[in-house]
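Chain residues, written in single-letter form:
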Amino acid sequence: MNYGSQAESSPGAGRFGDTGTNIPVKLTKEELTELSRVKPILACAHVAAEWALIAATIYLCQRFWHPMLYVFAVAFIGSRQHALLVLMHDGVHYRLLRNRRLNDWLSEVVLAWPHLVSARQYRKNHFAHHRFLNTAQDPDLKRRAGDPAWVFPQAAPNLAKMLFRDAVGLNAPAMIKLAASVAAADEVPTWFLALRYGFYAAVLGVVIYLGVFEGFILYWIVPMFTWLVLIMRIRSIAEHHAIDVDGPQTVYPRTRTTDATLLERIFLAPKNVNYHIEHHFFPSVPFYRLPELHAILMSKPGYREGAHVTHTYWGVLGESVGRKASNGGKFRAEDSSQLNGIQRVAEATV
């Protein structure tokens, strides 16, 4: 289950990000060591807080039931599911706990399996994505090659339709197929499969025994196949799509950091997942240090001018339907008219 973890996660391995010495900005060894320090108690507190928020949302929605409150609950729980998956991503990079076995157990059983994915299988795919970013060997790009849904810029009505289908669950089968393709790329031992599917059988048995199957569908399955699908679409677009490859970036074309608003950090981009360039440059830095890493990089010569930083996820959608910005990802006002269709769909969905 290693998959090159030393190169990806250890600041002492002499590896600075995905492309080694090619990264245009450098951190000192002392800076990277300090930023890469793992804080297990803090990580576990984040995990516990997300599960507590989900439980509290379910309780409040049941206690004060109203259809519109349920719609809010679906969006909020879906955003917390995303937060748990972002934490799983940190676990994949061995950034949750110092003990590798405990880190993997937490990543699998508490964070990945409840979302019908495997951290083990995701790790193999994700490390390949880091190693071969935006090349013909990048597994994420290979899976999306030839799919018109991932060709940008798009006409605003087409993008609005796709996001609407995500929000109401119509695109869930496509996401399941995508997850299955990630799983198929890794061979897992029989004992691992037995544990994983035994976990699902046990959870289902407890749900049925307690008579909460309907609640399980309403408060776990529905958010996972609606709002979470929408979030993952927007996040994937923001991270590596709709970026001007002829712009000032040379080392990392098609990688974006998004300057997220407070609401976006709650509902779309929790746990600092919007700092994506920073993560690719220095994947050993855990999520709770990414804002600090971003501030340090922005103070270094060349980074502010070369990095593609887009203001808000709404700006990302603007770049997705209009001319691609080349001045550091700044969203231009003339592109805003092309977002009217998306805005109407978003208002109708909410």
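Every chain's residues receive numbers from 1 upward, in the order its sequence appears when written. Where totals are concerned, whole chains, interfaces and linings use all residues; where local detail is concerned, this predicted model gives features only for residues with pLDDT of at least 70, and gives and counts side-chain atom pairs only at 80 or more. Computation of side-chain values covers all heavy atoms of the structure but excludes hydrogens and water.

K.L.:
Got a minute to help me understand the packing of helix α4 (residues 67–92) against helix α6 (residues 119–131) in this structure?
P.N.:
Packed helices, taken two at a time, are described by the angle between their axes plus the distance between the axes. Only C-alpha atoms enter the line fits that serve as axes; for helices the fit covers just the stretch in contact. Angles between N-to-C directions range over 0 to 180 degrees. Here a strand is any run of E in DSSP of at least two residues, a helix any run of H or I of at least four, and the numbering for each starts at the N terminus. Put simply, α4 and α6 touch, their axes get as near as 10 Å, and they point 70 degrees apart. The angle between the axes of α4 and α6 places the two elements in the roughly perpendicular class. The hand of the α4/α6 crossing is right-handed. Two secondary-structure elements touch here, α4 through M88, H89, G91 and V92 and α6 through A119, Y122, R123, H126 and F127. Only Asp, Glu, Lys and Arg are considered charged in this grouping, and only Ala, Val, Leu, Ile, Met, Phe, Trp, Tyr, Cys and Pro are considered nonpolar; every other residue, Gly among them, is considered polar. In the contact of α4 with α6, the residues fall into five nonpolar, three polar and one charged. Oblique is the label for any angle not covered by the other classes, which are roughly parallel (under 35 degrees), roughly antiparallel (over 145) and roughly perpendicular (65 to 115). Take the far helix as your reference; a near helix turned counterclockwise from it by less than a right angle gives a left-handed crossing, and one turned clockwise gives a right-handed crossing. Only heavy atoms matter for contacts: two residues are in contact if any of them lie within 4.5 Å across the pair.

K.L.:
Help me understand a nonpolar patch on the surface, please; the structure alone is not making it clear to me.
P.N.:
By definition, no residue in a patch forms a salt bridge, and every one has over 30% relative accessible area; like charges are joined within 9 Å, nonpolar side chains (Val, Leu, Ile, Met, Phe, Trp, Tyr) within 5 Å. The Shrake-Rupley method, run with a 1.4 Å probe, gives the accessible areas here. Residue values count only the displayed protein chains as cover. In the sections that follow, a salt bridge refers to a side-chain nitrogen of Lys or Arg positioned within 4 Å of a carboxyl oxygen of Asp or Glu. Together, V206, Y209, L210 and V212 give the surface a local cluster of nonpolar side chains, amounting to about 450 Å² of exposed area. Relative to the assigned elements, V212 resides in the loop between α10 (190–210) and α11 (213–225). For V212, a relative accessible area of 39% translates into the label partly exposed. Relative accessible area decides the class of each residue, using a 1.4 Å probe on protein chains only: under 20% of the type maximum gives buried, over 50% gives exposed, and in between gives partly exposed.

K.L.:
Is there a simple way to explain helix α17 (residues 313–321) in this structure?
P.N.:
Residues three or four positions apart in an α-helix share a direction because the helix packs 3.6 residues into each turn. Burial analysis of α17 places eight of its nine residues in the buried class, the great majority of the element. For α17, every residue scored as buried is listed here: Y313, G315, V316, L317, G318, E319, S320 and V321. Sitting at the head of α17, T312 places a side-chain oxygen 3.4 Å from the backbone nitrogen of W314. For the purposes of these results, a polar contact is taken to be a pair of N or O atoms within 3.5 Å, where, inside protein, one atom must be able to donate a hydrogen and its partner to accept one; residues adjacent in sequence count only when each atom of the pair is a side-chain atom.

K.L.:
Looking at this structure, I do not really get the packing of aromatic side chains. What am I missing?
P.N.:
Given two aromatic rings, their pairing is described by the distance between the two centres and the angle made by the two planes. Put simply, two rings from Phe, Tyr or Trp (the six-membered ring, in Trp's case) pair if the centres are within 6.5 Å, and we call them stacked under 30 degrees between planes, edge-to-face over 60, tilted for the rest. All chains considered together, the criterion is met by 14 aromatic pairs. Considering the side-chain rings of F199 and Y200, the 5.6 Å spacing of their centres and the 65 degrees angle between planes classify their relative orientation as edge-to-face. On the accessibility criterion, Y200 (18% relative accessible area) is buried. Through pairs of rings, three or more aromatic residues link up here, namely W113, W191, F192, Y197, F199 and Y200. Taking the ring centre of F76 as reference, the NZ or CZ of R80 above it sits at 5.3 Å. Lysine NZ or arginine CZ positioned within 6 Å of the ring centre and within 35 degrees of the ring normal marks a charge as sitting over the ring. Just above the ring of F192 sits the side chain of R120; from NZ or CZ to the centre is 5.7 Å.

K.L.:
Just to check I follow, could you spell out the pattern of salt bridges for this structure?
P.N.:
Side-chain pairing between opposite charges can occur once the charged atoms of the two side chains come close. Summed over the entire model, instances satisfying the criterion amount to eleven salt bridges. A salt bridge links R123 to D104; the shortest N-O distance between them is 2.9 Å. Here R123 is found in helix α6, whereas its partner D104 is found in helix α5 (residues 100–112), with 19 residues between them in sequence. The residues R123 and D104 share a single accessibility class, namely buried.

K.L.:
What is the right way to read the side chain of S107 from this model?
P.N.:
For S107, the position within the fold is in helix α5. With relative accessibility at 1%, the residue S107 sits in the buried group. Ignoring anything within four residues of it in the chain, the contact list for S107 reads M88, G91, V92, L96, A112 and A119.

K.L.:
I'm lost on the nonpolar core in this one. Help?
P.N.:
Counting residues in hydrophobic clusters, the biggest one holds 32 residues, and the most contacted among them are V47, L84, L87, M88, L96, L106 and L111. For this core, the elements supplying multiple residues, two or more each, are α3 (40–63), α4, α5, α6, α10 and α11. If one sorts the elements of this core by residue count, α4 sits on top with nine residues. Setting aside its immediate chain neighbours within four residues, L87 contacts H46, V47, E50, L96, L111, K271 and F287. Among buried residues, the Ala, Val, Leu, Ile, Met, Phe, Trp, Tyr and Cys ones that are joined through side-chain atoms within 4.5 Å form a nonpolar core. Counting residues in hydrophobic clusters, the runner-up holds 27 residues, among them W150, F152, L268 and L317.

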